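Listed here are the chains, written in short residue letters.
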Amino acid sequence: MKPFNKIVTFLRKVKCNQRLLFALCVLALTLPNFLLFFIDSSPLLVRLCNIVLPLCIWWWAMTWLRRPGKMFWILFLFVFFDAFQIVLLDMYGGAILAVDMFLNVATTNASEIGEQLGGILPAVTFVFVVYLPLLFFSTVSIYHPSLTRRFLQLNRRLATAGIGVGIAMLVACYIAVPKFSFINDIYPANVTDNLIIAIQRTVATNNYHNTSHGFTFNAKATHHANEKEAYILVIGETARADNFGVYGYNRPTTPLLAQEENLVTYTDVLSQANVTHKSVPMILSAVSAENFDDIYHQKSIITAMNEAGFATAFFSNQRPNRSFIDFFAAEAHRSVFVKQNAPSSANIPDSQLIDYLKEELADSARCHKRFVVLHTYGSHFNYSDRYPDEARRFTPDRITTIGYKNRQTMVNAYDNSIVNTDMLLHSIISEARNAGYSACVVYLSDHGEDIYDDDRRLYMHASPSPSYYQLHVPLLVWTSESYEQNHPAEHAALRANVNKPVASNLVVFHTLLGLSGVTTPYAKNAFSLCSPAYSSPKRFYLNDHNDPLPMDEIGLKHQDLMMLRKQHMQYP
């Protein structure tokens, strides 16, 4: 007890003005609302209501305990929300803490979080400077004389009157502003609701093994039983199409891929999600933005390949993250997460995946029909840690601080990561070619990335309002000469569909089944790029609440995409 007594003695000696602390706590709890007033694009009435009503509610809440510091600690969850929200505003502008942001925290390892926070030190420093002293003095407050009842009663009356004004403004918002909602438009009600949804989804995800038990694709193989086949799906990370030289970028970021004659490059491809934990499961399964909730009841393409008699493998250079990616990987006959047992600081290059691929392709005696998934770490921040020296083509490229002023350095590092992806894909194609299989390699990225590309000055991905740069992704298909000879119709269709609009997460499942000749009631030729029946589907974006929004509804129309792409070719 002696150390505790010493701490209490110290806290009692620290001076603390309870009235000043009372006011500062109310203002600190409302700080994101004030920032949103200047950043958010909502109507003025909504932005004013978003200050008046929450401020008066916090003001009223603080009057119910005579020591303001104790109430501030009781409200710590909202203090955490505020700190998180302020950092998010620095990254994404007017974006609110979304469901996917909570899930990203739950499915992102500590080293990734450290890399990201390390790059946005100004915002993180601001949060610490504001909230840590308040939490300290709130602790001091507990050991100092209380506020008077008269002070608290007066402030409670004033706060109650303010709440009345706020409610009147809320009613006016419902009358005057179309689609206004207290739950969606008032902070922190929206964030609290998003946290509840995130918890519900986490529970549903953890129950996946029960809800998907007994699922089957009833898949069958149709290619000749003696044909030696290999289908390799390479899933990129945070790679946007417009920084690939094969897409017309004015930097030679993909010189090796440019030399591949049998490479088909799809020009107009949009991801249906800008977060890994939703995009990759859609890539690997029959679900899409339009029926995403079916993911809790279905298995992945790996199970379909298993049923059709293929030897399956899943090799990842990302860490397990307790998501559907892990569950789907476990369906494979062989599953390896390269970083699983490595130290958190280990920076393992994607090239290590080649060693696992070699082993798998060399084992043709056991099974000469193979399906392999390679999940890369690609171009995830910190970009300058994602490539070896031989891929370092553009300098300066050592990122110390994230910010618009450092954009050129960030783009240089990002482009070097694409150079490394070019080298990796060249090695994968070489392995598939040299192993003597009738082979196909399909590469696409889960989502893209913002790097302060326009006046909005957005950065990274996963923002609740996605940009063109976060959704426009590469989709490449390479086929061996033997595959072209054995399956000329599929090869011809791949090339015939090259300029059609594509929803990446929707088509990959169906295209891979079509390429490999695997049939199942879940496969649809209309969504397969290797089918003459492919029909460009209406494209959707899976928003934060898992609602499928048409791309034009979020401002991404086909003609606008083409214009943006043309403009981007002038970068960096």
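So, here is what we can say about the structure in this document. Because the structure is predicted, anything quoted here is derived from the model rather than measured. Per-chain numbering applies: the sequence of each chain, read as written, is numbered from 1 onward. With the structure being a predicted model, the display of local features is reserved for residues of pLDDT at least 70 and the display and counting of side-chain atom pairs for 80 or more, all residues being used for whole-chain, interface and lining totals. Excluding hydrogens and water, the side-chain figures rest on all heavy atoms present in the structure.

## Side note on the overall build of the chain
Inference 1: Comment: elements are numbered from the N terminus, with helices defined as DSSP H or I runs of at least four residues and strands as E runs of at least two. In terms of helices and strands, the chain carries 22 helices and 15 strands.
Inference 2: Each radius of gyration is computed over the set of C-alpha atoms, and the globule rule expresses the reference value as 2.2 Å times the number of residues to the power 0.38. Relative to a compact globule of 572 residues, whose C-alpha radius of gyration would be 25 Å, the chain shows 27 Å and is just as compact.
Inference 3: Projected onto its principal axes, the C-alpha coordinates of the chain cover approximately 90 × 60 × 50 Å.
Inference 4: Counting only residues that meet the buried cut, the chain has 58% of its 572 residues in that class.
Inference 5: Carbon and sulfur atoms form 58% of the exposed surface of the chain, whose accessible area is close to 23,700 Å².
Inference 6: Charge convention: Lys and Arg are scored as positive, Asp and Glu as negative, and His as well as the terminal groups of each chain are ignored. By convention, the charge on Lys lies at NZ, on Arg at CZ, on Asp at CG and on Glu at CD. Where the 47 positive side-chain charges of the chain centre and where its 47 negative ones centre are 14 Å apart. Summary of the burial criterion: residues with accessible area below 20% of their type's maximum are buried, those above 50% are exposed, and those between are partly exposed, where the area comes from a 1.4 Å probe applied to protein chains only. Here the Shrake-Rupley method, with its probe set to 1.4 Å, supplies the accessible areas, and only the displayed protein chains count as covering residues.

## A word on helix α17 (residues 407-434)
Inference 1: Taking 1.5 Å of rise per residue, 28 residues should cover 40 Å, and α17 covers 40 Å from first to last C-alpha, within 8% of that figure.
Inference 2: G436, located one to two residues past α17, shows a positive phi value of around 80 degrees. A helix is expected to span 1.5 Å for every residue after the first.

## Overview of the packing of aromatic side chains
Aromatic rings considered in pairs are described by the distance between their centres and by the relative angle of their planes.
Inference 1: Paired rings are identified among Phe, Tyr and Trp, the last through its six-membered ring, by centres lying within 6.5 Å, and are further divided according to the angle between planes into stacked (under 30 degrees), edge-to-face (over 60) and tilted (the rest). On inspection of all chains with the given rule, the structure shows 33 aromatic pairs.
Inference 2: Between Y468 and Y469 the ring centres are 5.0 Å apart and the planes differ by 70 degrees, which places this aromatic pair in the edge-to-face class.
Inference 3: Y469 gets classed as buried once you look at its relative accessible area, which sits at 5%.
Inference 4: Ring pairs connect the aromatic residues W58, F78, F80, F81, F84 and F102, which therefore count as one cluster.
Inference 5: Charge-over-ring placement is defined geometrically: NZ (Lys) or CZ (Arg) within 6 Å of the ring centre, and within 35 degrees of the ring normal. Here the guanidinium or amino end of K228 rests over the ring plane of Y437, the centre of that ring lying 4.6 Å away.
Inference 6: The side chain of K339 reaches across the aromatic face of Y377, ending 3.7 Å from its centre.

## Brief notes about the sheet that holds strand β3 (residues 263-266)
Inference 1: Think of it this way: DSSP has to see at least two bridges between two strands before they count as a pair. Across the sheet, which stays open at both edges, the seven strands sit in the order β3-β11-β8-β2-β7-β5-β6 with mixed pairing between neighbours. Looking at strand neighbours, the two that pair on one side only are β3 and β6 (334-337), the edges of this open sheet. The average undirected angle you get between the axes of adjacent strands in this sheet is 10 degrees.
Inference 2: Relative to β6, strand β5 (residues 311-316) runs parallel, the two sharing four bridges. If you follow F314 over to β6, its bridge partner there is S335. Only the stretch in contact is used when fitting a helix axis, every axis being a line fitted to C-alpha atoms; angles between N-to-C directions are given from 0 to 180 degrees.

## Description of the nonpolar core
Inference 1: What makes a nonpolar core is a set of buried Ala, Val, Leu, Ile, Met, Phe, Trp, Tyr and Cys residues whose side-chain atoms join them at distances within 4.5 Å. Core analysis: the biggest nonpolar cluster contains 112 residues, and I232, L374, Y383 and I428 have the highest contact counts within it.
Inference 2: At 11 residues, the largest contribution of residues to this core is made by α17.
Inference 3: Contacts: residue pairs with any heavy atoms within 4.5 Å of one another. Apart from the residues within four sequence positions on either side, Y383 is in contact with I399, M410, A413, Y414, S417, E449, I451 and Y459.
Inference 4: One finds Y266, V287, L494 and V507 within the second-largest nonpolar core, a separate group that totals 59 residues.

## Quick look at helix α9 (residues 149-176)
Inference 1: Look at α9: 40 Å from first C-alpha to last across 28 residues, which is about the 40 Å you get at 1.5 Å a residue.
Inference 2: What α9 keeps buried is the set F151, L152, N155, A159, G162, I163, G166, M169, L170 and C173.
Inference 3: As for α9, its buried residues are in contact with α2 (18-39), α3 (44-62) and α10 (182-185).

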